[in-house]
Amino acid sequence: MTNPTKFILLATLLAVSAFAREDYTRNFDKTFTLRPGQTVLVEHKLGEIVIHTHPQLDLTIHAEIHVSASDRSRAEQFAGQIEILTEPFASEFSIRTRYPENHGSFLGFNNISYSVRYEITMPESAPLEVRNSFGAVSVTGLKANGNIRTSHGNLTFRDGKGVQRLEDSFAGVELLGNAGDAVIDNTNGNVKVADVAGALTVRDRFASVSAERIAKDVTITNTNGTVDVTDSGGTGIVKNSFGNVTVHNFRGDMTVHNGNGKVEALNVTGMAELNTSFGEVRFSDIGRGLSVRANNSRIEGSKIKGPVKIENSFGGVSVTDVDGGAHIQSANGAVTVTGIHGEANVKTSFASVEASEIAGAVTVVNNNGSVRATNVRSANVKTSFAGVDLQQVAGAIDVDNQNGAVDAGSKAQSGCQPIMIHTSFSPIRVHLSGNPSYRVTASTSFGKIHSDFPLTVSGSMSSDSLSGTIGDGRCEMRLTDNNGAIEILNSSSH
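Let me begin by describing the structure that accompanies this report. The residue numbering used here restarts from 1 in each chain and proceeds along that chain's sequence as written. Thresholds applied to this predicted model are a pLDDT of at least 70 for local features of residues and 80 or more for the giving and counting of side-chain atom pairs; totals over whole chains, interfaces and linings are not thresholded and use all residues. Computation of side-chain values: all heavy atoms of the structure, hydrogens and water removed.

**Observations regarding the pairing of strand E4 (residues 58–69)**
And then number 1: Judged from the twelve bridges that link them, strand E1 (residues 22–33) and E4 form a sheet pairing that is antiparallel. Its bridge partner being in E4, Glu 22 is matched across the sheet by Ala 69.
And then number 2: Between any two strands, pairing holds if DSSP finds at least two bridges. Counting from the N terminus, the helices are the DSSP runs of H or I reaching at least four residues and the strands are the DSSP runs of E reaching at least two. Pairing of E4 with strand E7 (residues 113–123) involves nine bridges; the strand directions are antiparallel. Residue Ile 61 lies in a different strand from E7, and its bridge partner there is Ile 120.

As structure tokens, then:
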């Protein structure tokens, strides 16, 4: 039988041996002169790369080769086998790291760890290509095109010029300053970009994306993370899901397609198209019109210089101060429109509609929801199972209701402004001002008809129907009710 005490002692000795470390570092230093236009290519893994630039054609390479092993001689021997290969070609200068074959030892543990860290100074006008893995990359001052790729290490680019392509995974990417276009591909790592004089394209997932002060077009595709675009311009397109999208101070048109996340757009000088689901939509100071399409969302905003079109369901809509018309379609959510310098067209169900200060016509189609409008040009309303309250209507009034009261106040002072109202099982009240002039046809059942104004009746008159004129009868008023009273009231005396 195996002695358990001896087994434990052996395991303990192996563990102690595994944690006993000796470090060894050797340096590699060389300087070369590049030809104008020659590309610098760096192929590496397992270590950091730091690149600076200068105006000269000199290429300076400093590499720190670090090895940790169970004893110094083993660490030194392994470090001596790590090669830094420099190869000049006609169009490029190649820098490569070659590690020795490192086969396993007792119990499969070789007990050696190693890395190489580069510090490179290169001509600022030389194109750059970097292929790295398991190490950070930092590039500063490159004034030519760059194609930089790493993984499992942060990628930082500063103060560049030219077209830059940056790729990373499982770590962050930061680009701060580039006088040219930039394309960034990342996964599982945050992306931060600022001060790009060209266009920006970003693709990421499972992390956040931030873009500030981008001069030209901005295109961002992300999932499972937030997106923020600030103080930028051109044409903007943001696609995201499962994260909020925020756009502030954008000079141009902006389109946002989001899902399961909030959308906020403030101060967009062009058109704004905002789409999402299961997240709030907020907007303000939109320069050339707005389109919103959402589901299960609360939509709220103001100050739109242009027409507004909104489609929503299972959430409220509130829009204020629009310099064009407003067309809103919703379901199972209240709608409020205020200060519309054009027509307002609203369709919803199972919720209320409120409209005020509308310069154009108000058209509302609702089901199982109340309608209230104040100080509007004209009103055309259809609803059911809820009341209709219209006040200070300058023009025509047309209401088709069921099982709901109608209270309509006209402020028409001139011209012919017809009034047509139908409902059932609830009263109709019409408020008139000044010296009204109407041809009146009113009928109801199980209710009475009353008028504050003198009526010249034509034909027979009963308590539940009449035909007559108020004033000289220039305009038509038709009031039809079932099981409800009808009243024509003088608003100055009520």
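**Overview of the pairing of strand E27 (residues 299–304)**
And then number 1: The pairing of strand E25 (residues 281–286) with E27 spans five bridges and is parallel. Paired with Ile 286 across the bridge in E27 is Ile 304.

**Re the environment of Val 263**
And then number 1: Here Val 263 is to be found in strand E23 (residues 263–268).
And then number 2: Under the relative-accessibility criterion, Val 263 is labelled buried at 1%.
And then number 3: Sequence-wise, Val 263 and His 152 are 111 residues apart; in three dimensions their C-alpha atoms are separated by 31 Å.
And then number 4: Discounting chain neighbours no more than four positions away, the residues touching Val 263 are Val 245, Val 256, Asn 258, Leu 274, Asn 275, Thr 276, Glu 280, Val 281 and Arg 282. Burial here depends on accessible area, computed with a 1.4 Å probe over protein chains only, as a share of the maximum for the residue type. Under 20% is buried, over 50% is exposed, and the range in between is partly exposed. Contacts are assigned to residue pairs with any non-hydrogen atoms lying within 4.5 Å of each other.

**Some words on the packing of aromatic side chains**
And then number 1: To pair, rings of Phe, Tyr and Trp, with the six-membered ring standing in for Trp, must have centres within 6.5 Å; the planes then decide the type, stacked if under 30 degrees apart, edge-to-face if over 60, and tilted in the middle. All told, the structure shown has three aromatic pairs when counted by the stated rule.
And then number 2: Both rings, one in Tyr 99 and one in Tyr 114, keep their centres 5.1 Å apart while their planes meet at 45°; by these two values the pair is tilted. Residue Tyr 99 is found in the loop between strand E6 (92–98) and E7, and its partner Tyr 114 is found in strand E7; the two are separated by 15 residues along the sequence.
And then number 3: Classification of Tyr 99 by relative accessible area gives buried; the value is 14%.
And then number 4: Put simply, the rings of Phe 78, Tyr 99 and Tyr 114 touch in pairs and so form one group of aromatic residues.

**Remarks on the side chain of Asp 481**
And then number 1: Residue placement: Asp 481 occurs in strand E44 (residues 475–482).
And then number 2: For Asp 481, which is buried and forms no salt bridge, the nearest opposite charge comes from Arg 429, at a distance of 9.3 Å.
And then number 3: Among all residues touching Asp 481, those that are not within four sequence positions of it are Thr 423, Ser 424, Phe 425, Ser 426, Pro 427, Ile 428, Ser 443, Thr 444, Ser 445 and Ile 486. Positive charges come from Lys and Arg alone, negative charges from Asp and Glu alone, with His and the N- and C-terminal ends not counted. Basic side-chain nitrogens of Lys or Arg form a salt bridge, by our definition, when they fall within 4 Å of a carboxyl oxygen of Asp or Glu.

**Details of helix H2 (residues 72–81)**
And then number 1: Among the residues of H2, Ala 75, Phe 78 and Ala 79 are the ones counted as buried. Along the axis of H2, the buried positions cluster into a sector of 100°, meaning they face one direction only. Of the residues in H2, the exposed ones pointing more than 90 degrees away from the buried face are Ser 73 and Gln 77.
And then number 2: Close packing links the buried residues of H2 with E1, E4 and E7. Here, the arc refers to the directions that run from the helix axis to the C-beta atoms.

**What to know about the pattern of salt bridges**
And then number 1: Tallied over the entire structure, the rule returns 20 salt bridges.
And then number 2: A salt bridge links Arg 96 to Glu 87, with the shortest nitrogen-to-oxygen separation between them at 3.0 Å.
And then number 3: You can call Arg 96 partly exposed: its relative accessible area is 26%.
And then number 4: By relative accessible area, which is 29% here, Glu 87 ends up partly exposed.
And then number 5: Between Arg 372 and Asp 389 there is a salt bridge, with the nearest N and O atoms lying 2.3 Å from each other. Highlighted residues: Arg 372 in strand E34 (residues 371–382) and Asp 389 in strand E35 (residues 388–393), separated in sequence by 17 residues.
And then number 6: Arg 372 gets classed as partly exposed once you look at its relative accessible area, which sits at 38%.
And then number 7: When its relative accessible area of 21% is taken as the criterion, Asp 389 is described as partly exposed.
And then number 8: Several salt bridges converge on common partners, so that one network encompasses Glu 280, Arg 282, Arg 298 and Glu 300.

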